[in-house]
Amino acid sequence: MGTHIDGFCHITAGEDAHWYNGFSEGKDWSDFGPLKTDASTIPPIVSRGVLLDIAGFKGVDHLDPGEGISIQDIVNCSEWENVELLKNDTVLLRTGERWPEMDLCPNAGITIEAARYLIEEKGAILLGDDQVSFEQFPEGETSSFPGHVHPVHHYCLTQQGVHFIELMQLD
């Protein structure tokens with residue numbers, strides 16, 4: 001696996017297995033995959049890009065395994081970099097992970113609260129990081145949110161219609 005952007009159909013919710021914009025497995029899926037909103041349907045995205053070097057801001061080569069990126073981390077890192085997050089930005093978060101090894105800080109990533117902050121308060125239109133899965137999975141836990149396997153995936157892709165890019169080389 002390498003750098004990629006997740007399509008809206010990447011994750012579904014509910015008994016009807018629906019995804020963003022009202023599409024569902026029952027009516028919008030075939031033997032060959034999704035009929036709507038797969039990655040091939042993503043239009044070109046042109047925006048200002050902001051790289052928030054979370055690991056650099058914290059003075060480490062990489063975050064700890066399973067460490068969460070909080071709203072306060074984003075605010076403090078933005079101030080440290082002297083950058084203002086603007087509506088329609090692409091926001092990339094560097095945790096310090098490197099591939100193909102992927103063994104420095106596995107499962108570190110954004111928390112659901114921080115994702116909400118970037119999308120709802122700052123107006124980000126695209127997010128990304130250097131992790132396999134774009135969200136925190138605390139050490140010994142299955143998710144950063146009790147009872148949900150991928151809360152950030154669900155929030156971004158299914159509820160908000162915001163794509164994210166995973167496995168970026170951000171060094």
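Use the structure listed above.
Here the structure is a predicted model, which is why all the values come from computation and not from measurement. (Residues numbered from 1 in each chain as written. Predicted model: local features only at pLDDT ≥ 70, side-chain atom pairs only at ≥ 80, totals over all residues. Heavy atoms only, no water.)

A.B. asks: Pulling in residues and values, what's your account of the overall build of the chain?
C.D. replies: Check the secondary structure of the chain and you find five helices and eleven strands. Over its C-alpha atoms the chain spans a radius of gyration of 16 Å, differing by no more than 12% from the 16 Å that the globule rule assigns to 171 residues. With the C-alpha coordinates aligned to their principal axes, the bounding extent of the chain is approximately 50 × 35 × 30 Å. Looking at the chain as a whole, 46% of its 171 residues are labelled buried. The long-range fraction of contacts in the chain, counting pairs at least 24 apart against all pairs at least 6 apart in sequence, stands at 74%. Here the chain displays about 8700 Å² of accessible surface, and carbon together with sulfur accounts for 51% of that area. Positive and negative side-chain charges in the chain, numbering 9 and 29 respectively, have mean positions lying 8 Å apart. (Helix = DSSP H or I, 4+ residues; strand = E, 2+ residues; numbered from the N terminus. Rg over C-alpha atoms; globule rule 2.2 N^0.38 Å. Buried < 20%, exposed > 50% of the residue type's maximum accessible area, 1.4 Å probe, protein only. Contact = heavy atoms within 4.5 Å. Areas by Shrake-Rupley, 256 points an atom, 1.4 Å probe, with all protein chains shown as cover. Lys, Arg positive; Asp, Glu negative; His and termini not counted. Charge placed at Lys NZ, Arg CZ, Asp CG, Glu CD.)

A.B. asks: How would you explain the sheet that holds strand β1 (residues 4-5) if you had to name every residue and give the values?
C.D. replies: On the basis of which strands lie adjacent, the open sheet formed by five strands has the order β1-β11-β10-β8-β6 and mixed pairing. Each of the sheet's edge strands pairs with one partner strand only, and the pair in question is β1 and β6 (49-53). Note: β6 against strand β8 (residues 90-94), five bridges, orientation parallel. Pairing of Leu51 across the sheet is with Leu92, part of β8. (Pairing = 2+ DSSP bridges.)

A.B. asks: Talk me through helix α4 (residues 112-121); I want residue IDs and the actual numbers.
C.D. replies: Within α4, the full set of buried residues consists of Ile112, Ala114, Ala115, Tyr117, Leu118 and Ile119. Residues of α4 that are buried make contact with β7 (68-69), α3 (71-81), β8, β9 (109-110), β10 (126-129) and α5 (151-160). Phi turns positive, to about 75 degrees, at Gly123, one or two residues after α4.

A.B. asks: Quick one: what's the story with the nonpolar core, residue by residue and with numbers?
C.D. replies: In terms of nonpolar packing, the biggest core is built from 34 residues, with Leu52, Leu118 and Leu127 touching the most fellow members. Looking at this core element by element, the count peaks at six residues for α4. Aside from chain neighbours lying at most four places away, what touches Leu118 is Ile74, Leu85, Val91, Ile110, Gly123, Ala124 and Leu127. Among the nonpolar cores identified, the runner-up in size contains five residues, and Leu126, Ile165, Met168 and Leu170 belong to it. (Core = buried A, V, L, I, M, F, W, Y, C linked by side-chain atoms within 4.5 Å.)

A.B. asks: Give a description of the state of the cysteines that names residues and reports values.
C.D. replies: Following the criterion strictly, the structure yields zero disulfides and no others. Here Cys9 is not cross-linked by a disulfide; its sulfur's nearest cysteine counterpart is in Cys156, at 15 Å. Taking the relative accessible area as the measure of exposure, Cys156 reaches 0% and is therefore buried. (Disulfide = S-S within 2.5 Å.)

A.B. asks: Any details on the pairing of β8? Residues and values, ideally.
C.D. replies: Counting buried positions along β8 yields five of five residues, so the element is predominantly enclosed. Alternating positions in β8 separate into two faces, Thr90, Leu92 and Arg94 on one and Val91 and Leu93 on the other, with burial throughout. Both β8 and β10 contribute to a ladder of four bridges, which runs parallel. Residue Leu93 lies in a different strand from β10, and its bridge partner there is Asp129.

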